[in-house]
Amino acid sequence: VQLQASGGGLVQPGGSLRLSCAASGRTFRNHAVAWFRQAPGKDRSFVAGMHRSGSNTYYSDSVKGRFAISRDNAKNMVFLQMDSLRPEDTAVYYCAAGPSVILSNLRSETAYSAWGQGTLVTVSS
């Protein structure tokens, strides 16, 4: 599976953005998916994740209630809807996918075998 993220940009505080991640490969539907982000000067961290079935979603405490992850297996796409954006959400956002992700490692970078190239989100007035 190969991934390509898009949709980043400059947005004012309180605004919204929708990130997209296009996947190639016929086995994508068997992969769990996630979004991570890396803010300037910080380590990459988990933002949101979803099991291959799409029945359960998981979020970091900092984005819970504001962000929503979704997937369209028919189109090999993953999305991250980001609402009520804050300056502290400024980061490079990465999509990730992996066939061996389970609940206990869903928030860990090492669980994911495929990564997109990252898309920059800047929240500023």
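Bear in mind the structure is a predicted one, so any value in this text is a computation, not a measurement. In every chain, residue numbers begin from 1 and rise along the written sequence. Local features in this predicted model are restricted to residues of pLDDT 70 or higher, and side-chain atom pairs are both shown and tallied only at a pLDDT of 80 or more, whereas totals for entire chains, interfaces and linings draw on every residue. Only hydrogens and water are removed before side-chain values are computed, so all heavy atoms of the structure are retained for them.

(A) Structural view of the sheet that holds strand 8 (residues 77–82). An order of 1-3-8-7 is seen for the four strands of this open sheet, with the pairing classed as antiparallel. For this open sheet the edge positions go to strand 1 (2–6) and strand 7 (67–72), each flanked by a neighbour on one side alone. Within this sheet the neighbouring strands show an average axis-to-axis angle of 15°, counted without direction. When DSSP finds two or more bridges between two strands, those strands count as paired. For the purposes of this entry, the term helix denotes a DSSP run of H or I that reaches at least four residues, the term strand denotes a run of E that reaches at least two, and both are numbered from the N terminus. In this structure, strand 7 lies alongside strand 8, joined through six bridges in antiparallel fashion. When the sheet's bridge partners are listed, Ile69 is paired in strand 8 with Leu80. Comment: axis = line fitted to C-alpha atoms, over the contacting stretch for helices; angle = value between 0 and 180 degrees taken between N-to-C directions.

(B) Geometry of the pattern of salt bridges. Between Lys or Arg on one side and Asp or Glu on the other, a salt bridge is scored when a side-chain nitrogen of the former is within 4 Å of a carboxyl oxygen of the latter. As enumerated under the stated definition, the model contains four salt bridges in all. With its nearest N and O atoms 2.9 Å apart, the salt bridge here joins Arg37 to Asp89. With Arg37 in strand 4 (residues 32–38) and Asp89 in the loop between strand 8 and strand 9 (91–98), the pair connects residues that are 52 residues apart, well separated along the chain. An identical accessibility class is assigned to Arg37 and Asp89; each is buried. When accessible area is computed with a 1.4 Å probe and restricted to protein chains, residues below 20% of their type maximum are described as buried, those above 50% as exposed, and intermediate ones as partly exposed.

(C) Summary view of the pairing of strand 3 (residues 17–24). Alignment of strand 1 against strand 3, held across five bridges, turns out to be antiparallel. Directly across from Gln4, in strand 3, lies its bridge partner Ala22. Two strands pair when backbone bridges link them, and strand 3 and strand 8 are joined in this way by six bridges, in the antiparallel orientation. Its bridge partner lying in strand 8, Ser20 is registered against Phe79.

(D) Highlighting the packing of aromatic side chains. Each Phe, Tyr or Trp ring (for Trp, its six-membered ring) is paired with any other whose centre lies within 6.5 Å, and the angle between the two planes then decides the class: stacked below 30 degrees, edge-to-face above 60, tilted in between. In this structure the tally under the stated criterion is four aromatic pairs. Look at Phe36 and Trp115: their rings are 5.1 Å apart centre to centre, the planes differ by 55°, and that puts the pair in the tilted class. Within this pair, whereas Phe36 is found in strand 4, its partner Trp115 is found in strand 10 (residues 114–115), the two being separated by 79 residues in sequence. For Trp115, a relative accessible area of 25% gives the class partly exposed. With centroids separated by 6.3 Å and ring planes inclined at 75°, the aromatic side chains of Tyr112 and Trp115 adopt a geometry described as edge-to-face. Two conditions define a charge located above a ring, namely a distance within 6 Å from the ring centre to NZ of Lys or CZ of Arg, and an angle within 35 degrees of the ring normal. Over the aromatic face of Phe79 sits the side chain of Arg18, whose NZ or CZ is 3.9 Å from the ring centroid.

Take it as geometry only, folks, not as evidence of what the structure does.
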